[in-house]
Amino acid sequence: MALDSASLAFVPVALPMATSTPSHASTSAPRRMGSTASVAATALAVGAVVGRGSVARRATAVKKKGVRVVEGKEVPWNLFSPKAPYKGSCVSKETITTKTALVNWETCHVIMDHGGSVPYIEGQSIGVIAPGPDKKGETPAKIRLYSIASSSPGDDESNKTVSLVVKRVVEVSGKGWCEYSNVPQGQDAEFPDAEKVYRGVCSSHICDMNAGDDVMITGPTGAEMLLPEDPEANMIFMATGTGIAPFRSHLRHLFHDKVSKGNFKGAAWLFLGVPYSESLLYDEEWKEMQAEFPDQFRYDYAVSCEEKCEKNKINGEMWVQHKMMQYSDELWELVKDPKTHVYMCGLKGMESGFAECFQERVEAEGMVYAEFLKKMKKDKRYHVEVY
Ligand SMILES: Cc1cc2nc3c(=O)[nH]c(=O)nc-3n(C[C@H](O)[C@H](O)[C@H](O)COP(=O)(O)OP(=O)(O)OC[C@H]3O[C@@H](n4cnc5c(N)ncnc54)[C@H](O)[C@@H]3O)c2cc1C
């Protein structure tokens, strides 16, 4: 391992271990919250957990509202349900990509104010309810989940905001698959000649937001992508597009926030895959982090439509796993290390990319890939969230 973190001081990072249960599986059982007072009381209890103090370590037999015990630690859980969401407001919305040949080129970073009522920890998601109409005409629309892109203190470290990174879903007939249309022909200003234009219900709602607009929030939820408790753990983060969200949350916790910076003793290596260099997400943040923590943080990206890779037998493009193959000796040593956690987030199919990268290595050492993976999952160091 090239990263040397031996000189850093140890301070425990009291974070819950991840489970292998898909985080979104749990959102199907919404709970109506009680009175405003009980919501506040729950938020207070959770606040103690988020503060990572001794309260978080106390064993509790009582089932608390708004809290779930994950690997023996309490985490905030569904404080707000789809039937009783929290009404927050948009603080700011910024388009963070530049136009490319793709109709769905736009990705936005949105900061939302939750007034301290929706505490969350790194790696969780929230739900957003758009006013609609939804696909079948429902108003408001059904909830959509979004991985949280800020660490628990929020981008401004006030403990009152939550940030998302959202891709605007647009499908245009003749420019990619489009079976449905929710915009009549000639009425979409951007594509007036298109026979069919489909604009995602919730992603459009979020990407069209202005400062001060209301936003209906549910959650928080999710235990699949939480950070390990061990401050000496290593992390390999594999992201495609907006799959960067949980890793921005993690990395700000590890390397940026006043309350936690300096506690982490391990190493983190981020691999980001995007179609064009104009689509790179938070590139400057990663470069600054790398300059400040050269022994602990590495950052590499694959730009599929601009870089070629002969190892990609499908279309010769450079995908995340092909970029990783360039460092396969170092990465394989890391993957074998029981202290290393592998996280994947973004496009479905990322797991096959991981297999493409490491299956041969596993077999060359006389192991069966399925068994190796099973062991990683059992050890809770293999984390996947794809959508
Ligand atoms: C755990 C999790 C985390 C996520 N995190 C993020 C994130 O960080 N950032 C992000 O951008 N997204 C994220 N997503 C995806 C997000 O939840 C939404 O799915 C996404 O924003 C699209 O929602 P939409 O309402 O804009 O699109 P929708 O309106 O729901 O459309 C989505 C798709 O459905 C198709 N469709 C349209 N009409 C119909 C119809 N009548 N019947 C059937 N299908 C139709 C469209 O072709 C379109 O591609 C996450 C998802 C999960 C599960």
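Look a little higher up for the structure.
Keep in mind it's a predicted model, so treat the numbers as computed, not measured. (Residues numbered from 1 in each chain as written. Predicted model: local features only at pLDDT ≥ 70, side-chain atom pairs only at ≥ 80, totals over all residues. Heavy atoms only, no water.)

Engineer: What am I meant to see in the side chain of Ser 204 here?
Structural biologist: Looking at the secondary structure, you find Ser 204 in helix 2 (residues 201-207). Residues contacting Ser 204, with those up to four places away along its chain left out, are Arg 168, Val 169 and Arg 199. (Helix = DSSP H or I, 4+ residues; strand = E, 2+ residues; numbered from the N terminus. Contact = heavy atoms within 4.5 Å.)

Engineer: Quick question: what am I supposed to make of unusual backbone geometry here?
Structural biologist: What is expected of a backbone is that most residues other than glycine have negative phi and most peptide bonds are trans. Note that the residue after Gly 132, namely Pro 133, is joined by a cis bond; omega there is 5 degrees. Tracing the sequence through the fold places Pro 133 in the loop between strand 5 (125-129) and strand 6 (143-147). Residue Pro 220 is reached from Gly 219 by a cis peptide bond, and omega for that bond is 0 degrees. A positive phi is found at Asn 78, a non-glycine position, where the angle reads about 45 degrees. Positionally, Asn 78 belongs in the loop between strand 2 (73-76) and strand 3 (86-95).

Engineer: What is the right way to look at the nonpolar core in this model?
Structural biologist: The nonpolar side chains of a soluble globular protein tend to be buried, and buried together. Counting 30 residues, the largest nonpolar core has Met 235, Ile 244, Leu 251, Phe 255, Leu 270, Trp 286 and Phe 297 as the members making the most contacts within it. Elements represented by at least two residues in this core include exactly strand 11 (234-240), helix 3 (245-255), strand 12 (268-274), helix 4 (283-292), strand 13 (297-303) and strand 14 (340-346). By residue number, the principal contributor to this core is helix 3, which donates five residues. For Ile 244, the residues in contact, after removing those within four places along its chain, are Val 165, Ala 239, Leu 270, Leu 272, Leu 281, Tyr 282 and Trp 286. The next biggest cluster of nonpolar side chains, apart from the first, holds 27 residues, and it includes Phe 80, Tyr 86, Val 162 and Val 166. (Core = buried A, V, L, I, M, F, W, Y, C linked by side-chain atoms within 4.5 Å. Buried < 20%, exposed > 50% of the residue type's maximum accessible area, 1.4 Å probe, protein only.)

Engineer: Hey, could you run me through the packing of helix 6 (residues 328-336) against helix 7 (residues 350-364) in this one?
Structural biologist: The packing of two helices is summarised by the inter-axis angle and the distance between the axes. At a closest axis distance of 11 Å, the pairing of helix 6 and helix 7 adopts a crossing angle of 80 degrees. In this view, helix 6 runs roughly perpendicular relative to helix 7, as classed from their interaxial angle. Touching Ser 328, Asp 329, Leu 331, Trp 332 and Val 335 of helix 6 are Phe 354, Phe 358, Arg 361 and Val 362, all from helix 7. Its residues placed into classes, the contact of helix 6 with helix 7 shows six nonpolar, one polar and two charged. (Axes fitted to C-alpha atoms, helices over the stretch in contact; angles between N-to-C directions. Parallel < 35°, antiparallel > 145°, perpendicular 65-115°, else oblique. Nonpolar A, V, L, I, M, F, W, Y, C, P; charged D, E, K, R; others polar.)

Engineer: Would you mind going over the packing of aromatic side chains with me for this structure?
Structural biologist: Where two aromatic rings form a pair, the distance of their centres and the angle of their planes describe that pair. Inspection of the entire model under this criterion finds 16 aromatic pairs. Both rings, one in Phe 247 and one in Tyr 343, keep their centres 6.3 Å apart while their planes meet at 75 degrees; by these two values the pair is edge-to-face. Note that Phe 247 is positioned in helix 3 and Tyr 343 in strand 14, a separation of 96 residues in sequence. Overall, the relative accessible area of 0% leaves Phe 247 in the buried class. Overall, the relative accessible area of 0% leaves Tyr 343 in the buried class. Ring geometry for Phe 255 versus Phe 264: centroids 5.7 Å apart, planes at 75 degrees, classification edge-to-face. With relative accessibility at 4%, the residue Phe 264 sits in the buried group. Each residue in the set Trp 332, Phe 354, Phe 358, Phe 372 and Tyr 382 is aromatic and connected to the rest through ring pairs, giving one cluster. Against the face of Trp 269 rests Arg 298, its NZ or CZ located 3.8 Å from the ring centre. (Phe/Tyr/Trp six-rings, centres within 6.5 Å; stacked < 30°, edge-to-face > 60°. Lys NZ or Arg CZ within 6 Å of the ring centre and 35° of its normal.)

Just geometry here; none of it tells us what the structure is for.
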